[in-house]
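These are the residues of each chain, in order.
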Amino acid sequence: MRFVDEYRNEADARKFLNAIERLVTRGWTIMEICGGQTHTLIKSGIDRLLPPQITLVHGPGCPVCVTPLELIDRAIAIARRPEVIFTSFGDMLRVPGSAQQTFEVSQTSKVSRVAQDLLSVKAQGGDVRMVYSPLDAVKLAQAHPDRQVVFFAVGFETTAPGNAMAVWQAQQMGLTNFSILCSHVLVPPAMEAILGSPDNQVQGFLAAGHVCTVMGYWEYEPLAEKYRTPIIVTGFEPLDLLQGIYMTVKALEEGRWGVENQYTRAVTRGGNRPAQKLLAEVFDVSDRQWRGIGLIPRSGYRLRPAYAAFDAEQRFGVGGVTAQESPLCIAGQILQGLKKPHECSAFGGQCTPEHPLGAPMVSSEGACAAYYSYGRM
Amino acid sequence: MHPTFSLQCPIPISDYPTITLAHGGGGKLSRMLVERMFVSAFANPELEILHDGAVLDWGLGVGDWGIASANPQSLIPSPRFAFSTDSYVISPRFFPGGDIGSLAVHGTVNDLAMCGAQPRYLSAGFILEEGLPMAELWRIVQSMAAAAQVAGVRIVTGDTKVVERGKGDGIFINTAGVGVIPAGVQIAPARARPGDVVLVNGPIASHGIAIMSVREGLTFETAVESDSAALNGLVEAILAAGGEAVHVLRDPTRGGVASSLNEIAASARVGIRLDEARIPVLEEVRGACEILGFDPLYVANEGKCLVIVAAEAAEAVLAAMREHPLGRDAAIIGQVVAEHPRKVYLRSRIGGMRVVDMLSGEQLPRIC
């Protein structure tokens, strides 16, 4: 298949691996930002093919993983309402909220507890629907004027333009029954939080190619300069990642820093200007809570006042819902690259994809789920 | 003595207060439901083999719960037959490459064929929803008749129920079937042995992607067609070429190739190694999987057969499969090993290794 097979070629992969091996003289810790990259690395087995001096740590770029727990609870509260059609991308449906549903299993009066997720709301009669695009949710709102259609707008700069477009279109159409539950986050502030932390171990970054497709990479240049760190904009296929790692190691070995672009077939320095314009029209930059990490200033988007009518949190009055994380889950340390999934005491025992304690075990992009599913125990 | 099933028993599967769709997805939750709920309640040696159908013979009291202590090996003497059932609730009812009627015939015929049986007779139970257009039902029934004729089976008994509007999804079909197992044929998931070779009869994942594209209104440059087909003819060719060297047959339906191979690895206590580059997947199906973030290994098939055969017979079986119209693109995709028992490993296209686990629920399209 064109544009796929070229980037999964074993002979070329071997060439990059050999080149990396020849280049490396000491240990380096490299973080791939995006969960999609984590997934490819583990799925194709690159983490085990690299020379042992190179440690890959997995970054916070999994939208499902960094969405705060209270937002899941708010989604569940909204989805339970009878007038609501709650729409979401598929992988948010299985993220457990904080509420434990208690039920009696039998006359032995044994009591079981199970976490609620959007799928279980659906099983109990809630109208929860999986969509492939936020614009499908707008269409649903048009088709069901008597219902309230809510879209769960999570994700990084990659998904934000689509969600902005949905809100913009809904306004153009004068829809009063469409809203979004918004939890957009931005990559550069998260990278700065990691680099600025006293515990930071990351020496080089593979920046998330798809985020840069939208935003370009000029915003990473001051970061690379300030923290003297190589940041390589990298794609998602195995050979993209190998080349990105090669470029990072080369910069590290040569004592260079700065931004380089591996993903030239998709990314330009300036990015997608019309998408950026739409983002600025619909969203304001705001402080955001990151699951497991905490509040990062100016690290996300919220709807601008002109679009406040499309804010589901306000419409349904769920802004006050708060949540308590499981004390066992170390997702925050994993998302900052301080620990690996299998170093968590709950990994594979109390926390599995069937019974996840934290979001990185749920999402197909989560580092814990990748380690579990692909046998990195 | 009949063990008594009483409502006093604690519900053995207590993790979920209600049934979720994931319990029907063919992954870990489905298996948990079957094993802890149904197998524990219906306990008997025929069921506990957990194959696509039960292998029975008239000599030992069929349905006699009292033989629970009998050695399953004693169920071997001929004439043996296979008995299987499956229900079809698919939406949409008509899809590229088939419809709920042909699928209801193919599915049960294939479950029987995977026991090494020659399917003979089917039953058909219809649950119809008030308001179902008569013309649609006729199309479905004709499609069933045509599929049965091609497969060489007869639909010999049936049942019809009509439920109120809103209490069904147009039409649900259940079929059950029986088939005769020829002497000398011994097919069971537990018979996979280290050294055996794993084959598949053609490109995987087409059915799941075809259904998904219609259901979700996804359009691709090339329409993806379901692979729905009756595999009994192909299985006869495989058994003729491989004889007793054919150890396991399995149609990787829900949960896909990954789930079927995990089940086989678990029941035979062996490891399985796959070679990603050798697994056939149609270009358009691969494309759709890439877009949706799906792994073709977990996508459903309705006309595919995994064959596990002793190494020395592998080439002969492969040649026989390729001569059959439903096996033209057959390929050797892996092997059974003694290492990592109960686990399936895959060598990726670029040469890395990873575990291929069972899915816990259904695959869900990812955010980005």
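Everything quoted here is computed from the prediction, not taken from an experiment.

A.B. asks: If you had to explain the overall build of chain A to someone new, which residues and values would you point to?
C.D. replies: Looking only at helices and strands, chain A has 16 helices and 13 strands in total. Its C-alpha atoms give chain A principal-axis dimensions of roughly 65 × 60 × 45 Å. For chain A, the proportion of its 377 residues judged to be buried stands at 53%.

A.B. asks: So what's going on with the sheet that holds strand E14 (residues 353-355) of chain B? Residues and values would help.
C.D. replies: Residues and elements named next belong to chain B. The sheet built from seven strands is open, its strands ordered E9-E11-E8-E12-E10-E13-E14 with mixed pairing. Both edges of this open sheet fall to strand E9 (246-250) and E14, since each of them pairs with a single strand only. Ignoring which end each strand starts from, the neighbouring axes of this sheet average 25° apart. As defined by bridge partners, strand E10 (residues 271-275) adjoins strand E13 (residues 344-347) across four bridges and the pair is classed as parallel. Residue pairing across strands places Asp275 opposite Arg347, the latter belonging to E13.

A.B. asks: So what about the domain arrangement of chain B? Which residues, and what values?
C.D. replies: Interface size, as often reported, equals the accessible area lost upon joining of the parts. All names here are of chain B. Here chain B is described as being made up of domain 1 (21-181) and domain 2 (189-355). For domain 1 versus domain 2, the distance between C-alpha centres works out to 21 Å. Contact residues are listed per partner, giving 28 residues for domain 1 and 26 residues for domain 2. Residue assignment for the side of domain 1 that touches domain 2 shows that the elements contributing at least two residues are helix H3 (100-113), strand E5 (118-129) and helix H4 (134-151). Tallied by class, residues from the side of domain 1 that touches domain 2 come to 14 nonpolar, 13 polar and one charged.

A.B. asks: Talk me through the sheet that holds strand E2 (residues 54-61) of chain A; I want residue IDs and the actual numbers.
C.D. replies: Residue and element names in this part refer to chain A. Strand order in the open sheet made by the five strands is E2-E1-E9-E10-E11, with parallel pairing throughout. Both outer strands of the open sheet, E2 and strand E11 (258-261), are each paired with one neighbouring strand and no more. Here the strands of the sheet are splayed against their neighbours by 25° on average, with no regard to which way each runs. In this sheet, strand E9 (residues 204-208) lies alongside strand E1 (residues 28-34) in parallel orientation, the contact comprising three bridges. By the bridge assignment, Ile30 is partnered in E9 with Gly204.

A.B. asks: Mind laying out unusual backbone geometry, listing which residues take part and the relevant values?
C.D. replies: Of note, the amide linkage connecting Ser91 of chain B to Pro92 of chain B takes the cis form, showing an omega dihedral of 5°. Turning to its location among the elements, Pro92 of chain B is positioned in the loop between strand E2 (80-88) and strand E3 (94-95). Positive phi values are uncommon outside glycine, yet Arg228 of chain A reaches one of about 50°. Taking the number of C-beta atoms within 10 Å as the measure of exposure, Arg228 of chain A has 12 and is therefore exposed. Despite not being glycine, His340 of chain B has its phi angle at roughly 30°, a positive value.

A.B. asks: Got a sec to walk through the packing of helix H1 (residues 10-23) of chain A against helix H12 (residues 238-253) of chain A? Specific residues and values, please.
C.D. replies: Residues and elements named next belong to chain A. The N-to-C vectors of H1 and H12 enclose an angle of 15°; their axes lie 10 Å apart at closest approach. As summarised for this structure, H1 and H12 are arranged roughly parallel, according to the angle between their axes. For the element pair H1 and H12, the recorded crossing hand is left-handed. Each of Asp12, Ala13, Phe16, Leu17, Ala19, Ile20 and Leu23 in H1 lies in contact with H12, whose residues at this interface are Pro238, Leu239, Leu242, Gln243, Ile245, Tyr246, Val249, Lys250 and Glu253. For the contact of H1 with H12, a count of residues per class yields 12 nonpolar, one polar and three charged.

Reading the values: the criteria
Residues numbered from 1 in each chain as written. Chains lettered and ligands numbered in written order. Predicted model: local features only at pLDDT ≥ 70, side-chain atom pairs only at ≥ 80, totals over all residues. Helix = DSSP H or I, 4+ residues; strand = E, 2+ residues; numbered from the N terminus. Buried ≥ 20, exposed ≤ 12 C-beta atoms within 10 Å, placed from the backbone. Pairing = 2+ DSSP bridges. Axes fitted to C-alpha atoms, helices over the stretch in contact; angles between N-to-C directions. Domains from an automatic or database assignment. Contact = placed C-beta atoms within 7 Å. Nonpolar A, V, L, I, M, F, W, Y, C, P; charged D, E, K, R; others polar. Parallel < 35°, antiparallel > 145°, perpendicular 65-115°, else oblique. Left-handed = near helix turned anticlockwise from the far one by under 90°.

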